[in-house]
Amino acid sequence: MTEERKKQKTPRGAAVEILNRIDQQGAHAEPLLDSLLSGTEIRNPRDRGLLTELVYGTLRMRGRLDWIIARHYRGDFSTLEIPVRNILRTGVYQLFFTDRIPAFAAVNEAVAVAKKGCPAAAGLVNAILRNVLRKKEQIAWPEMAKDPGKAIAVLHSHPRWLVDRWLDRYGIDETIAVCRVNNTIPPLAVRVNGLKTSREKAVAALAAEGITAKTARFSQDGIILTTPAAGLRETAAFRDGLIRVQDEASQFVARLCAPQPGERVLDLCAGAGGKTLHLAALMKNRGNITAVDLHPDKLRLLAAEAGRLGVTIMETHPGNATGTPEAFRGAFDRVLLDAPCSGLGTLRRNPEIRWRIAPADLEKCAQIQRRLLRSAALCVRPGGRLAYTTCAVTPEENENVVADFLAGHPAFTRISPEGIPPELIDADGFFRTFPHRHGTDGFFGAVFIRAI
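Residues numbered from 1 in each chain as written. Predicted model: local features only at pLDDT ≥ 70, side-chain atom pairs only at ≥ 80, totals over all residues. Heavy atoms only, no water.

Looking at the overall build of the chain
Here is step 1: A tally of regular secondary structure across the chain gives 19 helices and twelve strands.
Here is step 2: For the chain, the C-alpha atoms occupy an extent of roughly 70 × 50 × 35 Å along the three principal directions.
Here is step 3: Burial statistics for the chain: of 452 residues in total, 55% are counted as buried.
Here is step 4: A separation of at least 24 residues holds for 71% of the contacts in the chain among residues at least 6 apart in sequence.
Here is step 5: Of the roughly 20,000 Å² that the chain leaves accessible, carbon and sulfur atoms contribute 52%.
Here is step 6: Mean positive and mean negative side-chain charge positions of the chain (62 and 49 charges, respectively) differ by 3 Å. (Helix = DSSP H or I, 4+ residues; strand = E, 2+ residues; numbered from the N terminus. Buried < 20%, exposed > 50% of the residue type's maximum accessible area, 1.4 Å probe, protein only. Contact = heavy atoms within 4.5 Å. Areas by Shrake-Rupley, 256 points an atom, 1.4 Å probe, with all protein chains shown as cover. Lys, Arg positive; Asp, Glu negative; His and termini not counted. Charge placed at Lys NZ, Arg CZ, Asp CG, Glu CD.)

This is the structure:
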């Protein structure tokens, strides 16, 4: 074996490294995977696919995997070192959720990863995985009739506290539907950049490069890719700024603002700016958009994306959105607050979130959201519009925040969003989407008008 080959990462070893960083450093799977796959350490397309499946599959099914492992380990599974836990999880995932990997290969490769990363545990890993393999058909699962919350949490791999909340709100059948869809691979949606092309031309441009797509179910700016598009960012359509990756539900956030050409618009928590740049497209690149974010790195990414998409009306402003400058007071026709939140509406894309968020975190998020919403309100001119959105599905971060805001801001009136498909407006007049109902991420939105 050549020295170069020895240095090449294996997909199983790389998966464990990524899972360790997620657990130990609070990192997110997507950027870690993107960084690794954009390099040359794992070159074989089949290995790259296995790496992606192991990372996301293990994160999605962690609850079920841990149940299995705990029943084949004589001690307390939670006391094992994180790397050992993740080696076992990836091994058991292959035994239960892949049909192209021989069982002996899954076990042997897991032991090889252990020998390299934590050699003292290699024997334990070997013993547990072989024990799981021998007793694979004898595992005792929680019974739905005795304890639905426990059964759903284990079998569908979600935290018990979250399952219990959904049971109270939706009942058993819909809770199972939510959990099932959260464990599926989400569709890859892109937004067509109206400043450069039409949806029909974008679909044709992608087809010319071997990527087939269909129009989105709800968003008039969206298309859904129907073939694997691992090289999407290398296509001419992407390089030329005809499209931007963006979930279909997210594509409605800018539309809640209903911005008009020539107006002055504020995006108070812009991030990397997918919604900011959509605002510019809806304004036909006429007017002015101020994009604020606490993180200068994100604003630099936003500026680069603006260049790719041909947006010229945007200026960035690094700073804390809870303290708006005096010059912002009452200065904007439209203000968008896409608030930082728990992200529980994006569990298909970000499965690590479910193991990271605790009930107490929801109120912490809500406290920040209330402060940000008060700050955003100060920036709206009389007669102007304010949109508040999250990618959360919890009342604490959504309806409760809105109710608190209206109670303390009599100058603002909530209105039903305009230009949004009626299927995405709930009985209370909120914009609301769910993965299991609409095939999109879970989003919430409320729109307010300030009195003249």
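With respect to the packing of helix H3 (residues 29–37) against helix H4 (residues 45–60)
Here is step 1: Two elements in contact, H3 and H4, have axes whose closest approach is 11 Å; the angle formed by their N-to-C orientations is 170°. Classed by the angle they form, the pair H3 and H4 counts as roughly antiparallel. Together, Ala 29, Glu 30, Leu 33, Leu 36 and Leu 37 of H3 and Arg 48, Leu 51, Thr 52, Val 55, Tyr 56 and Leu 59 of H4 make up the contact between the two elements.
Here is step 2: Considered class by class, the residues forming the contact of H3 with H4 number eight nonpolar, one polar and two charged. (Axes fitted to C-alpha atoms, helices over the stretch in contact; angles between N-to-C directions. Parallel < 35°, antiparallel > 145°, perpendicular 65-115°, else oblique. Nonpolar A, V, L, I, M, F, W, Y, C, P; charged D, E, K, R; others polar.)

Overview of unusual backbone geometry
Here is step 1: Positive phi, close to 55°, is recorded for Ser 157, a residue that is not glycine.
Here is step 2: Note on placement: Ser 157 falls in the loop between helix H9 (148–155) and helix H10 (160–170).
Here is step 3: A relative accessible area of 0% places Ser 157 in the buried class.
Here is step 4: Here the phi dihedral of Asn 285 falls at roughly 60°; this positive angle occurs in a residue that is not glycine.

Observations concerning the environment of Thr 197
Here is step 1: Mapped onto the fold, Thr 197 is located in the loop between strand E1 (188–192) and helix H12 (199–208).
Here is step 2: Placed 40 residues apart in sequence, Thr 197 and Ala 237 show a C-alpha to C-alpha distance of 10.0 Å.
Here is step 3: With sequence-adjacent residues up to four places away left out, Thr 197 is seen in contact with Val 192, Ala 202 and Leu 242.

Side note on the packing of aromatic side chains
Here is step 1: Evaluated as defined, the whole model comprises seven aromatic pairs.
Here is step 2: Between the aromatic rings of Tyr 93 and Phe 97, the centroid separation amounts to 5.3 Å while the plane-to-plane angle is 25°, which identifies the pairing as stacked. Taken as a pair, Tyr 93 and Phe 97 lie in helix H6 (residues 82–97) at a separation of four residues, close to a single helical turn.
Here is step 3: Linked through ring pairs, Phe 405, Phe 412 and Phe 448 together constitute an aromatic cluster.
Here is step 4: The positively charged end of Arg 437 is found above the aromatic ring belonging to Phe 434, 4.4 Å away from the centroid. (Phe/Tyr/Trp six-rings, centres within 6.5 Å; stacked < 30°, edge-to-face > 60°. Lys NZ or Arg CZ within 6 Å of the ring centre and 35° of its normal.)

Points about the state of the cysteines
One way to say it: the disulfide is the covalent bond shared by the sulfur atoms of two cysteines.
Here is step 1: Tallied over the entire structure, the rule returns zero disulfides.
Here is step 2: Among the cysteines around Cys 269, which has no disulfide bond, Cys 341 carries the closest sulfur, lying 11 Å off.
Here is step 3: Relative accessible area serves as the criterion here: at 18%, Cys 269 is assigned to the buried category. (Disulfide = S-S within 2.5 Å.)

Here we look at a positive patch on the surface
Here is step 1: There is a patch of like positive charges on the surface, built from Arg 74, Arg 130, Arg 134 and Lys 135.
Here is step 2: Tracing the chain through its elements places Arg 74 in the loop between helix H5 (62–70) and H6. (Patch = residues over 30% accessible without salt bridge, like charges linked within 9 Å, V, L, I, M, F, W, Y side chains within 5 Å. Salt bridge = Lys/Arg side-chain N within 4 Å of Asp/Glu carboxyl O.)

Quick notes on the sheet that holds strand E4 (residues 243–245)
Here is step 1: Taken in spatial order, the four strands line up as E2-E3-E1-E4 in an open sheet, and their pairing is antiparallel. Unpaired on one side and paired on the other, strand E2 (213–215) and E4 mark the two borders of the sheet. Strand-to-strand twist in this sheet, taken as the mean axis angle between neighbours without regard to direction, amounts to 35°.
Here is step 2: The strands touched by H12 are E1, E2, strand E3 (222–225) and E4; relative to E3, the strand with the most contacts, the crossing angle is about 20°. (Pairing = 2+ DSSP bridges.)

Some points on H3
Here is step 1: If you check which residues of H3 are buried, you get Ala 29, Leu 32, Leu 33, Leu 36 and Leu 37. For H3, the buried positions fall inside an angular range of 120° around the axis, keeping them on one side.
Here is step 2: On the buried face of H3, the contacting elements are helix H2 (11–25) and H4. (Arc of directions from axis to C-beta.)

Side note on the side chain of Arg 255
Here is step 1: For Arg 255, the position within the fold is in helix H14 (residues 253–257).
Here is step 2: Judged by its relative accessible area of 18%, Arg 255 is buried.
Here is step 3: Dropping the residues within four chain positions of it, Arg 255 is found in contact with Gln 220, Asp 221, His 278, Leu 282, Glu 418 and Ile 420.

Overview of the environment of Glu 41
Here is step 1: Mapping Glu 41 onto the fold places it in the loop between H3 and H4.
Here is step 2: When the C-alpha atoms of Glu 41 and Pro 11 are compared, they prove to be 9.7 Å apart, with 30 residues separating the residues in sequence.

Quick notes on the pattern of salt bridges
Opposite charge on two side chains makes pairing possible when the charged atoms of those side chains draw close.
Here is step 1: Applying the stated rule across the entire model yields 27 salt bridges.
Here is step 2: Note that Glu 174 is salt-bridged to Arg 437, the shortest N-O span being 2.8 Å. One end of the pair, Glu 174, is in helix H11 (residues 172–182); the other, Arg 437, is in helix H19 (residues 435–438), with 263 residues separating them in the sequence.
Here is step 3: On the accessibility criterion, Glu 174 (21% relative accessible area) is partly exposed.
Here is step 4: The class for Arg 437 is partly exposed, based on a relative accessible area of 40%.

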